[in-house]
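# Structural overview for review
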Amino acid sequence: MFKNIKSDLPASVVVFFVALPLCLGIALASGVGAANLFSGLIAGIIGGIIVGIISGSYIGVSGPAAGLAAIVAASVASLGFENFLVAVVLAGAIQIIFGVLRLGIIGYFFPSSVIKGMLTGIGIIIILKQIPYFFGLDKNPEGDFAFLQIDGENTFTELLKAINAVISGNVDQGATIVALIAMGILILWSNVLGKKSKIFQLIQGPLVAVVVGIVFYFLTKGSNLELVNQHLVSVPVPDSFQDFIGQFSFPNFSAIGQSEVWVTAFTIALVASLETLLCVEATDKLDPEKRVTPTNRELFAQGTGNMISGFIGGLPITQVIVRSSANIQSGGKTKASAIIHGFLLLISVYFIPQVLNYIPLSVLAAILFIVGFKLAKPSTFKALWRAGWKQFVPFIVTVLIIVFKDLLWGIGIGLIVGIVIVLFKSFQNSHFLHKENEDPTDGKVKMTLAEEVTFFNKGAILKELDNLPENSHLELDVSNTKYLDQDILEILDDFALKAKNRNISVKLISERGIETNLKSYTEFFKNKPKLIS
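Read on for an overview of the structure. Quantities reported herein were computed from a predicted structural model and do not represent experimental measurements.

### Details of the overall build of the chain
The secondary structure content of the chain amounts to 22 helices and nine strands. The burial tally for the chain puts 54% of its 533 residues in the buried class. Taking as baseline every contact in the chain between residues at least 6 positions apart, the subset at least 24 positions apart corresponds to 79%. For the chain, the exposed surface amounts to about 23,400 Å²; the carbon and sulfur share of it is 63%.

Here is the structure:
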């Protein structure tokens with residue numbers, strides 16, 4: 001696991017700096033209150049260390065997820081935080097059962113275009129959401145990735161406010177300057193220095209950007225460029241070990257009999273499992289080595305992580321694409337980077353929380369800009385467009401719904417659009433009909449059925465049969481058909497009666513040869529069991 005430590009260690013540092021504000025922001029966006037913000041850090045630590053050790057994913061990173069924020073907020077408001085933790089523990093147990101039942105295969109039923117749309121949509125959201133932070137404007141919690149924000153604003157109203165502030169020169173000068181410096185460092189490191197020497201590969205650009213941001217904070221104190229607290233990371237600072245332990249909360253297991261607790265547990269288990277499986281599919285696609293994550297083991301790992309997180313006061317955990325993609329783009333090779341990032345979170349929040357609170361949010365915004373751009377490259381749009389409308393439509397629908405609604409809605413509607421397209425193509429490709437020769441007076445028609453014909457194809461086949469002219473001759477070729485639905489057999493039986501009244505002769509071509517003058521196709525196909533549903 002540690003043979004690629006030269007790559008994994010710097011990657012873990014980048015993931016740590018990305019995860020730190022997200023853990024706090026998601027906790028605040030989840031409605032747990034200022035007293036329980038530590039719950040987000042607990043989830044990040046458990047997601048990195050425990051889930052990282054158990055998981056079979058090489059490059060996936062787990063932690064609290066923005067996709068669960070709305071569910072968590074509603075549940076905490078209804079149940080109370082300690083009762084909610086019981087639901088988190090139960091959700092973890094349910095996920096373990098999902099893994100034992102081998103339900104991890106569900107993620108493979110989502111089209112590739114929807115997965116790519118998910119990645120691109122998240123990349124666009126990351127960029128849009130970080131623009132206000134880049135200029136030191138937005139005071140909302142970091143990591144609030146929903147379109148509608150908790151202060152009544154939305155993604156684009158915040159963006160318009162930022163644009164107007166930039167035009168009018170009302171941006172925070174200190175935050176903007178250090179963000180531009182950080183962006184310059186990141187671009188220089190990625191495009192120039194990282195290719196010149198191994199030392200620049202070991203010491204990653206994001207780490208340098210963060211260090212420069214902290215130095216900038218101290219150098220500008222007392223000047224008109226000073227960064228105030230609202231522009232800095234805010235980690236709880238314990239005065240003693242007892243204060244640190246006091247930040248942990250524990251479940252109220254006396255509430256385990258409440259039906260609402262169980263409903264919440266099943267909801268969290270289902271949504272967290274689905275989000276994890278989709279992120280697994282996405283990260284596997286991003287993995288340069290194209291390794292495949294064992295999905296059932298991943299559900300077991302996530303379930304174990306959620307049980308432990310719930311036991312000690314943490315938020316629900318899923319595999320998350322923002323941290324996973326940051327890990328991949330920073331050169332992470334094995335699960336060691338995820339595990340080390342978890343230990344970095346644990347060590348830092350106990351030993352150096354005050355140092356973390358000197359990191360400018362605008363520097364972290366610059367780091368996330370790079371992550372977002374790599375997820376939402378223009379080349380992705382071009383590739384999907386060239387692949388045809390059957391790929392582009394589910395892709396762009398997924399992107400738009402994720403940007404204008406949220407992650408789960410985008411994935412769900414994208415999947416529905418993908419299914420509709422499949423059904424439409426199935427409707428089109430159920431059969432092939434053509435005239436046997438060029439003489440239109442001959443009346444000879446041949447219909448070849450596809451390999452699989454189901455009830456979705458009823459309308460198309462019935463329309464073709466009803467349009468056959470009187471006194472014609474039909475050859476129905478099923479020699480390549482492997483599956484024929486009962487609904488289609490009933491259509492053929494009905495047509496056999498109609499054909500006599502319209503003086504249409506029918507021949508059935510099968511692997512056995514040609515059968516003529518059949519009174520019932522159902523009786524014939526009963527002797528071909530492989531064709532019957």
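Once the structure has been displayed, the description carries forward.
### Regarding a nonpolar patch on the surface
A cluster of nonpolar side chains, contributed by I97, L101, L103, I105, I106, Y108, F109 and V292, occupies part of the molecular surface with about 790 Å² of accessible area. One can find I106 in the loop between α4 (81-100) and α5 (112-134). A residue is classified by how much of its surface remains accessible, and I106, at 39% relative accessible area, is partly exposed.

### Focus on the pattern of salt bridges
Under the criterion given, the structure shown has six salt bridges. Of the charged contacts, one joins R291 and D287 as a salt bridge, the two residues approaching to 2.9 Å between their closest N and O atoms. D287 shares its class with R291; the two are buried. For K444, the salt bridge is made with E475, and the minimal N-O distance between the two is 3.9 Å. Here E475 lies in strand β6 (residues 473-477) and K444 lies in strand β4 (residues 444-449), a separation of 31 residues in the sequence. Residue K444 is classed as partly exposed on the basis of its relative accessible area of 28%. A network of salt bridges, in which partner residues are shared, links D287, E289 and R291.

### Points about the side chain of H473
Mapped onto the fold, H473 is located in strand β6. Within the local environment of H473, its side chain forms a polar contact with the side chain of S505, the two groups lying 2.6 Å apart. Here H473 is in contact with G443, K444, V445, S505 and K507, once residues within four sequence places are set aside.

### Regarding the environment of P378
With respect to the helices, strands and loops of the structure, P378 is situated in helix α17 (residues 378-386). What makes P378 partly exposed here is its relative accessible area of 46%. For the pair P378 and T120, spaced 258 residues apart in the sequence, the C-alpha separation amounts to 9.5 Å.

### Regarding the pairing of β4
In terms of burial, β4 is largely enclosed, as five of its six residues are buried. Direction of pairing for β4 relative to β6: parallel, over a ladder of five bridges. For T448, the partnering residue across the bridge sits in β6 and is D477.

### Overview of unusual backbone geometry
Despite not being glycine, K290 shows a phi value in the positive range, around 55 degrees. With respect to the helices and strands, K290 occurs in the loop between α11 (259-286) and α12 (295-311). Given the relative accessible area of 54%, K290 is considered exposed.

### Observations concerning helix α6 (residues 155-168)
The end-to-end C-alpha distance of α6 is 20 Å, a good match for the 20 Å that 14 residues give at a rise of 1.5 Å each. All buried positions along α6 are accounted for by T155, E158, L159, A162 and A165. With its buried residues spanning 125 degrees around the axis, α6 presents them on a single face. Of the exposed residues in α6, the ones pointing more than 90 degrees away from its buried face are L160, N164 and I167. Contact partners of the buried residues in α6: α5. In the stretch just after α6, G169 is the one whose phi turns positive, near 80 degrees.

### Side note on the packing of aromatic side chains
Aromatic ring pairs are defined here through the distance separating the ring centres and the angle between the ring planes. One pass over the structure, following the stated rule, counts 18 aromatic pairs. Here W385 and F392 contribute two aromatic rings whose centre-to-centre distance is 5.1 Å and whose plane-to-plane angle is 90 degrees, an arrangement assigned as edge-to-face. Here F392 falls in the buried class, since its relative accessible area comes to 17%. An aromatic cluster is present here, built from F38, F241, F244, F248, Y350 and F351 joined pairwise through their rings.

Procedures and definitions
- Residues numbered from 1 in each chain as written.
- Predicted model: local features only at pLDDT ≥ 70, side-chain atom pairs only at ≥ 80, totals over all residues.
- Heavy atoms only, no water.
- Helix = DSSP H or I, 4+ residues; strand = E, 2+ residues; numbered from the N terminus.
- Buried < 20%, exposed > 50% of the residue type's maximum accessible area, 1.4 Å probe, protein only.
- Contact = heavy atoms within 4.5 Å.
- Areas by Shrake-Rupley, 256 points an atom, 1.4 Å probe, with all protein chains shown as cover.
- Patch = residues over 30% accessible without salt bridge, like charges linked within 9 Å, V, L, I, M, F, W, Y side chains within 5 Å.
- Salt bridge = Lys/Arg side-chain N within 4 Å of Asp/Glu carboxyl O.
- Polar contact = N/O pair within 3.5 Å; in protein donor to acceptor, adjacent residues only side chain to side chain.
- Pairing = 2+ DSSP bridges.
- Expected span 1.5 Å × (residues − 1).
- Arc of directions from axis to C-beta.
- Phe/Tyr/Trp six-rings, centres within 6.5 Å; stacked < 30°, edge-to-face > 60°.

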